[in-house]
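Structure assessment
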Amino acid sequence: MATPHNEAATGEIAKTVLMPGDPLRAKFLAMTYLEDAKQFNNVRNMFGYTGSYKGKEVSIMGSGMGMPSIGIYSHELYSQYGVENIIRIGTCGSFKKHVHLRDIIIVQGCCTDSNFAYQFELPGVYSAISDYGLLEKAVALAKEKNVNYHVGNILSSDIFYHADKNSPEKWASMGCLGVEMESYALFATAAYLNKRALTLLTVSDSLVSKEETTPEEREKSFTAMMEIALEIA
Ligand code: HPA
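In this text the structure is predicted, and so the values were computed from the model without any measurement. (Residues numbered from 1 in each chain as written. Predicted model: local features only at pLDDT ≥ 70, side-chain atom pairs only at ≥ 80, totals over all residues. Heavy atoms only, no water.)

1. Brief notes about the nonpolar core
Most often, soluble globular proteins have nonpolar side chains that are buried together. Worth spelling out the cut-off: Among buried residues, those of type Ala, Val, Leu, Ile, Met, Phe, Trp, Tyr and Cys that are joined through side-chain atoms within 4.5 Å constitute a nonpolar core. The cut-offs for exposure are 20% and 50% of the maximum accessible area for each residue type, with area from a 1.4 Å probe on protein chains only; residues under the lower value are buried, those over the upper are exposed, and the others partly exposed. Put simply, DSSP marks the helices as runs of H or I at least four residues long and the strands as runs of E at least two long, and each gets a number from the N terminus on. Whether two residues touch is decided by their heavy atoms; if any such pair falls within 4.5 Å, the residues are in contact.
Membership of the largest hydrophobic core comes to 36 residues, with the highest contact counts inside it found for Ile13, Val17, Met61, Leu77, Val83, Ile86 and Ile105. Those elements that provide at least two residues to this core are strand S1 (16–19), helix H2 (67–80), strand S5 (85–94), strand S6 (104–112), helix H5 (183–192) and strand S10 (196–206). Looking at this core element by element, the count peaks at 6 residues for H5. Those residues in contact with Leu77 that lie beyond four places of it in its chain are Asn6, Ile13, Val17, Met19, Met61, Gly82, Val83 and Ile86. If you look at the next biggest cluster of nonpolar residues, it comprises 32 residues, including Ala30, Ile87, Leu200 and Met226.

Dropping the structure here:
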């Protein structure tokens, strides 16, 4: 059954979907890691594929950038396609000296400057957290693979070009490890629909040291994160 943003037929999408932000990365990852990958979506070039990894069916689909975009795609995957688990695999900026370029952050919770949770009409501030079962598996796999990883809180922001140059320090002082732009909406959507979500991030730039990784370096560190996500699935 198609949605306004996804032309997949019922049954074409696996119970677990890995979501990078960039649809071309979704295509690359599906071609590289999945056996018998079949494309299920082409609407708005938000490519999605289903194939198998070590005998298990898994899908990979782009989420686009920002909370409105991942909010739409995750809602449709959970509510219309029977998806149970979404694992976002993305990049982030580091807020902390000890969180280095190419390290992996396994996201436990998100702060936000977005009003995404306004829709739930809660009498307070909603704290968006990842699914503990998925998080526990990710930590075990990260240990096994001997990668540099951190588990903790991040900022999911609506803003890439912050006018407030001090905001990284303020969030860092409250323990946030880094910044990206999607996970709060993903975790809140999963909670609302009684589903599961997790985010794995590789650090692509630092707001402390101002270093940046090259696209080639990002590709490499992405590999370890991708393997963790696939093995959870
Ligand atoms: N800000 C927001 N999102 C990001 C960043 C950043 O510095 N790096 C990667 N995703």
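2. Section: the site of the ligand
The condition is simple: Think of it this way: one heavy atom of a residue within 4 Å of a molecule or strand is enough to make that residue near it. Nitrogen and oxygen atoms within 3.5 Å of one another constitute a polar contact, given that in protein one can donate a hydrogen and the other can accept it, and given that sequence-neighbouring residues count only through two side-chain atoms. Each accessible area is a Shrake-Rupley estimate made with a 1.4 Å probe; only the visible protein chains count as cover when residues are assessed. The residue classification treats Ala, Val, Leu, Ile, Met, Phe, Trp, Tyr, Cys and Pro as nonpolar and Asp, Glu, Lys and Arg as charged. All others, Gly included, are polar.
Inspection of the region around the ligand gives Thr91, Cys92, Gly93, Phe160, Val179, Glu180, Met181, Ser204, Asp205 and Leu207 as its neighbouring residues. Contact distances for the ligand include 3.5 Å between a nitrogen atom and a backbone N or O atom of Thr91. One of the side-chain N or O atoms of Asp205 is found 2.9 Å from a nitrogen atom in the ligand. Burial of the ligand by the surrounding chains reaches 85%, relative to a free accessible area of 260 Å². Secondary-structure elements contributing two or more residues to the shell around the ligand are S5, strand S9 (178–180) and S10. The element contributing the most residues to the shell around the ligand is S5, with 3 residues. Residue composition of the shell around the ligand, grouped by class: 5 nonpolar, 3 polar and 2 charged.

3. Here's the deal with the UniProt feature "binding site: a purine D-ribonucleoside" (unreviewed entry) in the protein chain
Condition: UniProt positions are given in the numbering used here, feature names are shortened, and annotations may be inferred rather than shown by experiment.
Within this structure's numbering, the places UniProt gives as "binding site: a purine D-ribonucleoside" (unreviewed entry) are His5, Glu180, Met181, Glu182, Ser204 and Asp205. For this annotated set, covering 201 residues, the C-alpha atoms extend up to 31.0 Å from each other, a dispersed arrangement in space. Within the fold, Glu182 resides in the loop between S9 and H5. Residues in contact with Glu182, not counting those within four places in the same chain, are Gly64, Met65, Gly66, Met67, Ile70, Arg88 and Ser156. The topology assignment puts Asp205 in strand S10.

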